[in-house]
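For reference, the chains in residue letters:
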Amino acid sequence: MEQPPDLAAAIAAAAEAIVGVLDPAGSRHRMTVSPTQLRVLSLISSRPATNVNRLAELLDVVPSSASRLCDRLEAIGLLRRTADPRDRREVRLMPTAAAEALLRELAERRHRAIGAVLDRMPPRQQQELLLALLAFGQAAAPVVVDAQSDSPARTA
């Protein structure tokens, strides 16, 4: 299926526009929490059993860099390290209540910022955008090959 040559450029421009809307929504926290630190908090919040090695993999950094990031977050009260109840040698990363509140507030601010832009769009275009974003998300989902049938299968 051939796509217009400018479709990728239009998507890249839309992504930049979205970032332009989302960045100011998080600007209140810029002085104390960097975008990378927010990403770390988001990752560990959505993956409760994360340890430093797994975090390093998710960030594509060496474990010592991930550990230093965690040190900074722990120092400002947004992260705590806890022993895994099944293996006390294993240390799990847990967001604090303050981190969870920060992430909730940021998500709410971003939701309102995106909503304000959507309110300036006609309802039909909003619906078309929704369908296009859902299709894009589905197409971007990782494909795994089923070892038994050698046919690709989408993961959730």
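Please refer to the structure placed before this passage.
Cut-offs and rules
Residues numbered from 1 in each chain as written. Predicted model: local features only at pLDDT ≥ 70, side-chain atom pairs only at ≥ 80, totals over all residues. Heavy atoms only, no water. Helix = DSSP H or I, 4+ residues; strand = E, 2+ residues; numbered from the N terminus. Buried < 20%, exposed > 50% of the residue type's maximum accessible area, 1.4 Å probe, protein only. Contact = heavy atoms within 4.5 Å. 1 Å grid on protein atoms, 1.4 Å probe; cavity = no way out; pocket = protein on both sides within 12 Å on 5 of 7 lines; lining within 4 Å. Points joined across faces, edges and corners; volume = space filled by probe spheres on them. Nonpolar A, V, L, I, M, F, W, Y, C, P; charged D, E, K, R; others polar. Core = buried A, V, L, I, M, F, W, Y, C linked by side-chain atoms within 4.5 Å. Patch = residues over 30% accessible without salt bridge, like charges linked within 9 Å, V, L, I, M, F, W, Y side chains within 5 Å. Areas by Shrake-Rupley, 256 points an atom, 1.4 Å probe, with all protein chains shown as cover. Salt bridge = Lys/Arg side-chain N within 4 Å of Asp/Glu carboxyl O. Expected span 1.5 Å × (residues − 1). Arc of directions from axis to C-beta.

(A) Structural context of the overall build of the protein chain. If you tally the helices and strands in the protein chain, you get six helices and four strands. The helix and strand sequence of the protein chain, counted from the amino end, reads α-α-α-α-β-β-α-α-β-β. Per-residue burial for the protein chain yields a buried fraction of 22% across its 156 residues. The contacts in the protein chain between residues at least 6 apart in sequence include a share of 42% that link residues at least 24 apart.

(B) View of the layout of surface pockets. Taken as a whole, the largest pocket spans an internal volume of roughly 460 Å³. Residue assignment for the lining of the largest pocket shows that the elements contributing at least two residues are helix H1 (7-25), helix H5 (97-118) and helix H6 (123-140). Per-element accounting of the lining of the largest pocket gives the leading share, seven residues, to H1. Taken together, the residues that form the lining of the largest pocket break down as 15 nonpolar, no polar and no charged.

(C) Summary view of the environment of threonine 96. Within the secondary structure, threonine 96 sits in the loop between strand E2 (91-95) and H5. Threonine 96 sits in the buried class, given a relative accessible area of 14%. Taking the C-alpha atoms as reference points, threonine 96 and leucine 41, separated by 55 residues in sequence, lie 9.4 Å from one another. Threonine 96 has contacts with Gly77, Leu78, Leu79 and Arg80, leaving out every residue within four places of it along the chain.

(D) Main features of the nonpolar core. Of all hydrophobic cores here, the largest spans 22 residues; its most connected members are Leu41, Leu55, Leu78 and Leu93. Taken together, the elements giving at least two residues each to this core come down to helix H2 (35-46), helix H3 (52-59), helix H4 (63-75) and H5. Among residues more than four places away in sequence, those in contact with leucine 41 are Leu73, Leu78, Ala99, Leu102 and Leu103.

(E) Molecular detail of a nonpolar patch on the surface. Together, Leu7, Ile11 and Phe136 make up an exposed nonpolar region whose accessible area comes to about 270 Å². Classification of isoleucine 11 as partly exposed rests on a relative accessible area of 38%.

(F) View of H4. Helix length check: H4, at 13 residues, gives a terminal C-alpha distance of 18 Å against a target of 18 Å (1.5 Å per residue), a fit within 8%. Among the residues making up H4, those that are buried are Ala66, Leu69, Cys70 and Leu73. Along H4, the residues classed as buried sweep out an arc of 100° about the axis, all on the same side. Contacts made by the buried residues of H4 are with H2, H3, strand E1 (79-83) and E2. Just downstream of H4 lies glycine 77, where phi reads positive at about 80°.

(G) Representation of the side chain of aspartate 84. Within the fold, aspartate 84 resides in the loop between E1 and E2. Excluding anything up to four places from it in sequence, aspartate 84 contacts Glu90 and Arg92.

(H) Geometry of the pattern of salt bridges. By the definition in use, this model includes eight salt bridges. One salt bridge connects arginine 86 with aspartate 84, and the closest N-O pair in it is separated by 3.5 Å. In this structure arginine 86 comes out as exposed when scored by relative accessible area, which is 71%. Owing to a relative accessible area of 3%, aspartate 84 belongs among the buried residues under this scheme. Across the pair arginine 92 and aspartate 84 runs a salt bridge, and its minimum N-O distance is 2.7 Å. A residue is classified by how much of its surface remains accessible, and arginine 92, at 16% relative accessible area, is buried. Connected through salt bridges with shared partners, the residues Asp71, Glu74 and Arg81 form a single ionic network.

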